[in-house]
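For reference, the chains in residue letters:
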Amino acid sequence: MDSQGLILLCNLQISDWIDIANILITSGIGIWIATIVQNNLTKGRYLKEYFINEIKDIRDLYKIFVNQLYTNSTSAVYTKDWFKIMSERIKNLDNLIKTNFKIDKIDLTSKHAEIQQNITAMDEFNEDYKKEVIKFSNQSKNEILKLHTELSYKLTEMVIEINSAKKRRKKKNKSK
């Protein structure tokens, strides 16, 4: 900086210095707010994408499973074990979604339990329990497809809810 620039800076009035400080502070706050908002949006989006991918995985696993039931290519023991595994996975997903987002009206766990109960209560399931494969009647297959369609609807509904949901605020522990 040359001597003329230094003299110019020294000749600034207090109002000029206040204006400069105002510009610097306002810019700093703007940058700080933009950074924090962007980080929060990014974190929230990653969390939503994670849950949406989990829902897609469950949808894909259900498609494969229902196809196996429909084509008479699975056993009752496998079906029972599959339902156990999926029950835990869906229950955990349901709980985590409801813990992290303001979503309470969609219950994937109860829809899965309804499907499990209906399929395991079918006559063919119980009659063919010890056999290598279950052979469902056309009527039972139609019921399985109806239940699967209802679950698919619930899964899609959950994706829509997650995309529009607000993140729940964590409650702080108030310990004395």
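Residue numbering note: each chain is counted from 1, following its sequence as written. Whole-chain, interface and lining totals are the exception, using all residues; otherwise, since this is a predicted model, local features are given only for residues with pLDDT of at least 70 and side-chain atom pairs are given and counted only at 80 or more. Hydrogens and water molecules were not included; the side-chain quantities draw on all heavy atoms of the structure.

Quick look at the nonpolar core
Selection rule: Among the buried residues, those of types Ala, Val, Leu, Ile, Met, Phe, Trp, Tyr and Cys that are joined through side-chain atoms within 4.5 Å form a nonpolar core. Buried, partly exposed and exposed residues are distinguished by accessible area as a fraction of the type maximum, computed with a 1.4 Å probe on protein chains only: under 20%, between the cut-offs, and over 50%, respectively. Numbering of helices and strands runs from the N terminus, with a helix taken as a DSSP run of H or I at least four residues long and a strand as a DSSP run of E at least two residues long. Note on contacts: a residue pair qualifies if any of its non-hydrogen atoms lie within 4.5 Å across the two residues.
If you look at the biggest cluster of nonpolar residues, it comprises 33 residues, and the most contacted ones within it are Ile55, Tyr62, Ile97, Phe136, Met158 and Ile162. Secondary structure elements with two or more residues in this core: helix 2 (14-70), helix 3 (76-100), helix 4 (108-120) and helix 6 (138-164). The biggest single contributor to this core is helix 2, with 8 residues. Sequence-distant contacts of Met158, that is, excluding residues within four places in its chain, are made with Ile55, Asp94, Ile97, Ile103, Ile106 and Leu108.

Regarding the packing of helix 3 against helix 4
Applicable threshold: With axes taken as lines fitted to C-alpha atoms, and helix axes fitted only over the stretch in contact, angles between N-to-C directions fall between 0 and 180 degrees. Here the angle decides the label: under 35 degrees means roughly parallel, over 145 means roughly antiparallel, 65 to 115 means roughly perpendicular, and every other value means oblique. Any residue that is not Ala, Val, Leu, Ile, Met, Phe, Trp, Tyr, Cys, Pro, Asp, Glu, Lys or Arg is counted as polar, Gly included; the first ten are nonpolar and the last four charged.
Contact geometry of helix 3 with helix 4 gives a least axis separation of 9 Å together with a crossing angle of 170°. As far as their axial angle goes, helix 4 and helix 3 are roughly antiparallel. Two secondary-structure elements touch here, helix 3 through Thr79, Trp82, Phe83, Met86, Ser87, Ile90, Lys91, Leu93 and Asp94 and helix 4 through Leu108, Thr109, His112, Ile115, Gln116, Ile119 and Thr120. Looking at side-chain class alone, the contact of helix 3 with helix 4 contains 8 nonpolar, 6 polar and 2 charged residues.

Section: the environment of Ile58
Residue position: Ile58 is located in helix 2. For Ile58, a relative accessible area of 1% corresponds to the buried category. For the pair Ile58 and Leu155, spaced 97 residues apart in sequence, the C-alpha separation works out to 8.6 Å. Dropping the residues within four chain positions of it, Ile58 is found in contact with Met86, Arg89, Ile90, Leu93 and Leu155.

So, a nonpolar patch on the surface
To keep it simple, the criterion reads: Patches in this entry comprise residues that are over 30% relatively accessible and not in a salt bridge; like charges within 9 Å are linked, as are nonpolar side chains (Val, Leu, Ile, Met, Phe, Trp, Tyr) within 5 Å. Here the Shrake-Rupley method, with its probe set to 1.4 Å, supplies the accessible areas, and only the displayed protein chains count as covering residues. Salt bridges are defined as contacts in which a side-chain nitrogen from Lys or Arg sits within 4 Å of a carboxyl oxygen from Asp or Glu.
Taken together, the side chains of Ile25, Ile29, Trp32, Ile33 and Ile36 make up a nonpolar region of the molecular surface, amounting to roughly 490 Å² of accessible area. Checked against the element boundaries, Ile36 lands in helix 2. Its relative accessible area of 34% is what places Ile36 among the partly exposed residues.

Observations concerning the packing of aromatic side chains
This is how the line gets drawn: The rule is short: rings of Phe, Tyr and Trp, with Trp giving its six-membered ring, pair when the centres are within 6.5 Å, and they are stacked under 30 degrees, edge-to-face over 60, tilted in between. Here, over-ring charges are defined by two tests on the NZ atom of lysine or the CZ atom of arginine: distance to the ring centre within 6 Å, and angle to the ring normal within 35 degrees.
For the coordinates displayed, the defined rule picks out 8 aromatic pairs. Arranged with centres 5.4 Å apart and planes meeting at 65°, the rings of Tyr50 and Phe51 form a pair that is edge-to-face. On the basis of an interplanar angle of 80° and a centroid distance of 5.9 Å, the ring pair of Phe51 and Phe101 is categorised as edge-to-face. Of the two residues, Phe51 sits in helix 2 while Phe101 sits in the loop between helix 3 and helix 4, which places them 50 residues apart along the sequence. The buried category is assigned to Phe51, whose relative accessible area is 2%. Overall, the relative accessible area of 1% leaves Phe101 in the buried class. Ring pairs connect the aromatic residues Tyr62, Phe65, Trp82 and Phe83, which therefore count as one cluster. One residue, Lys141, lies across the ring of Tyr70, its end atom 5.2 Å from the ring centre.

Comments concerning unusual backbone geometry
Residue Asn72 is not a glycine yet carries a positive backbone phi of 55°. Tracing the sequence through the fold places Asn72 in the loop between helix 2 and helix 3.

Re the pattern of salt bridges
On inspection of all chains with the given rule, the structure shows 9 salt bridges. For the salt bridge of Glu88 with Lys91, the shortest nitrogen-to-oxygen distance reads 3.6 Å. Of this pair, Glu88 and Lys91 are both found in helix 3, 3 residues apart, which corresponds to roughly one turn of the helix. Take Lys91: its relative accessible area is 35%, and that puts it in the partly exposed class. The residue Lys111 makes a salt bridge to Glu150 at a minimum N-O spacing of 2.7 Å. Of this pair, Lys111 sits in helix 4 while Glu150 sits in helix 6, and the two are 39 residues apart along the sequence.

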